[in-house]
Structure formats: structure tokens, C-alpha cells
Amino acid sequence: MRLSLILPAFCLAALPATVQAQVEIHTPWVRATVPQQQATGAFFSLVSPVAAKLVAARSPIAGRVELHTIQIQGEVMSMRPISEIPLPANEVVNLAPGGAHLMLLELKTSLKAGEQAPLILVVEDEKGERKEYPLTAEVRPLDAPSPTLQGQHEHRHEQKN
Ligand SMILES: [Cu+2]
């Protein structure tokens, strides 16, 4: 008998790891820059079918890319590099303004809204195996609101970077 696999329309579909351990990456975008700006943030949502972690990223348009988290102390918000971002199995992990994000540093070009920016994400599973995910992120205006996935509530803090 043939089993039919019905996938929900949204992206929380969990396929067995043996069949498909592909991390889904949704709505990748980077914030546009002004001339001379050296750094900008990259944002997206991730869903991994198995427990994994985002451990690195790189881009041909940036000298280096860091994983950042936001710390808020009183009125002051600051960014701090972190070594990894956990991806619990089948959970939507949002990298969004005001929270964890990628920081593209030492930019080699300015980014205008509507352009495309290449990014490569490196995800490591629990066995320590790494897989790379090349993607293309849309450059959005400096004041772009962050998209949310599945109507999830999101706290947003304005960030200038
Ligand atoms: Cu940052």
C-alpha cells in the first residue's frame, strides 16, 4: 500500500531525518546600507527537522559574517557575537531585528533595496556533521519591518546598525 504524505501548507512539516534532513530557510533578507557603511544585519527564519545548530555563515560580499545576539541592559541595547544558534527539531527559529541575527562585516559593496545578497549558512547536526546552505537574501530598505512566520508574536526593538 502506498502511503501518502500530507504536508501542511506551512513549513513545520517534519520528515523523517533519514529521508530528509534539510533545514528550511524562509524569507532571508538583509538591511540596505548607506555609503561607507561597513556592516549590516541579515535575517531569516529557520526550521530544522532534527536538532541542530547554526554555527557559521559567510558571504562573498562581506569580509566576515558573525552570529549576533542582542542584549538589553536598561535602555541600552548592544550586540554580542555568539558561537552558535540552537535549532531545536521542528521549531521555528526567527532571526529578526531586535534579536539574534547575522552580522555582515567588512562589507565589500553597499546594498541597495531590491538587490540580492548571497549568503551561505553552515548548520551542524548533533553528530557534528556540517552542511552548507547557500541562499539569496533580498535587500530591504533601512526601515523595513521584519516579517513574521505564522503570525508569531514578535517583540521588536528599533536598531540602527
Ligand atoms: Cu549585529
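Because the structure is a prediction, the values reported are computed rather than measured.

J.: Is there a simple way to think about the overall build of the protein chain in this case?
T.: The helix and strand inventory of the protein chain stands at 0 helices and 10 strands. Considering only intrachain contacts with a sequence separation of at least 6, the fraction spanning at least 24 residues in the protein chain is 72%.

J.: Looking at this structure, I do not really get the pairing of strand β10 (residues 130–140). What am I missing?
T.: Both strand β1 (residues 24–31) and β10 contribute to a ladder of 3 bridges, which runs parallel. By the bridge assignment for β10, V30 is matched with V139. Bridge count between strand β9 (residues 116–125) and β10: 9 bridges; the pairing is antiparallel. Of the residues in β10, the one forming a bridge with L119 is L135.

J.: I keep staring at the nonpolar core and nothing clicks. Help me out?
T.: A general trend in soluble globular proteins is that nonpolar side chains are found buried together. Counting residues in each nonpolar core, the largest one holds 28 residues, and the members touching the most others are V30, A42, L46, L54, L87 and L102. It is strand β2 (residues 40–47) that provides the largest number of residues to this core, a total of 5 residues. Not counting residues up to four positions away in its chain, the partners in contact with V30 are T40, G41, A42, L104, L111, A117, A137 and V139.

J.: Would you mind going over the pairing of strand β8 (residues 101–107) with me for this structure?
T.: With 3 bridges connecting them, β2 and β8 associate as antiparallel partners. Residue pairing in the sheet places G41 in a bridge with M103 of β8. Here 6 bridges tie strand β4 (residues 62–73) to β8, and the two strands are oriented antiparallel to one another. Residue V65 lies in a different strand from β8, and its bridge partner there is L104.

J.: Explain unusual backbone geometry here, please?
T.: Note: most peptide bonds trans; most residues except glycine with negative phi. The phi torsion at T27 lies on the positive side, around 40 degrees, for a residue other than glycine. Take T27: it is sitting in strand β1. Overall, the presence of 16 C-beta atoms within 10 Å leaves T27 in the partly exposed class.

J.: Can you walk me through the environment of R80 in this structure?
T.: Here R80 is to be found in strand β5 (residues 76–82). Linking R80 and A100, residues 20 residues apart in sequence, is a C-alpha distance of 9.4 Å. Residues in contact with R80, not counting those within four places in the same chain, are H68, T69 and Q71.

J.: Honestly, the environment of H26 in this entry has me stumped. Any pointers?
T.: Relative to the elements of secondary structure, H26 occurs in strand β1. Using a count of 15 C-beta atoms within 10 Å as the deciding quantity, one classes H26 as partly exposed. Through-space distance from the C-alpha of H26 to that of S45 is 5.0 Å; in sequence the pair is 19 residues apart.

J.: What is the right way to look at the environment of N90 in this model?
T.: If you trace the backbone, N90 turns up in the loop between β6 (85–87) and β7 (92–95). For N90, a count of 14 C-beta atoms within 10 Å translates into the label partly exposed. Distance from N90 to A51, taken between C-alpha atoms, is 8.0 Å for residues 39 residues apart in sequence.

J.: Please explain the confidence of the model for the protein chain as it appears in this structure.
T.: Any region with low pLDDT has predicted coordinates that should not be read closely. With 77% of its residues at a pLDDT of 70 or more, the protein chain has an overall mean of 84. Looking over the protein chain, one finds the lowest element-wise mean pLDDT in β5, namely 92, and the highest in strand β3 (residues 52–58), namely 98. In the model, residues 1–13 has pLDDT below 50 throughout and makes 8 contacts with residues more than four positions away in sequence or in other chains. Low pLDDT (under 50) marks residues 147–161, which in the prediction has 25 contacts with non-local residues, meaning those over four places away or in another chain.

Reading the values: the criteria
Residues numbered from 1 in each chain as written. Predicted model: local features only at pLDDT ≥ 70, side-chain atom pairs only at ≥ 80, totals over all residues. Helix = DSSP H or I, 4+ residues; strand = E, 2+ residues; numbered from the N terminus. Contact = placed C-beta atoms within 7 Å. Pairing = 2+ DSSP bridges. Core = buried A, V, L, I, M, F, W, Y, C linked by C-beta atoms within 7 Å. Buried ≥ 20, exposed ≤ 12 C-beta atoms within 10 Å, placed from the backbone. pLDDT = per-residue confidence, 0-100.

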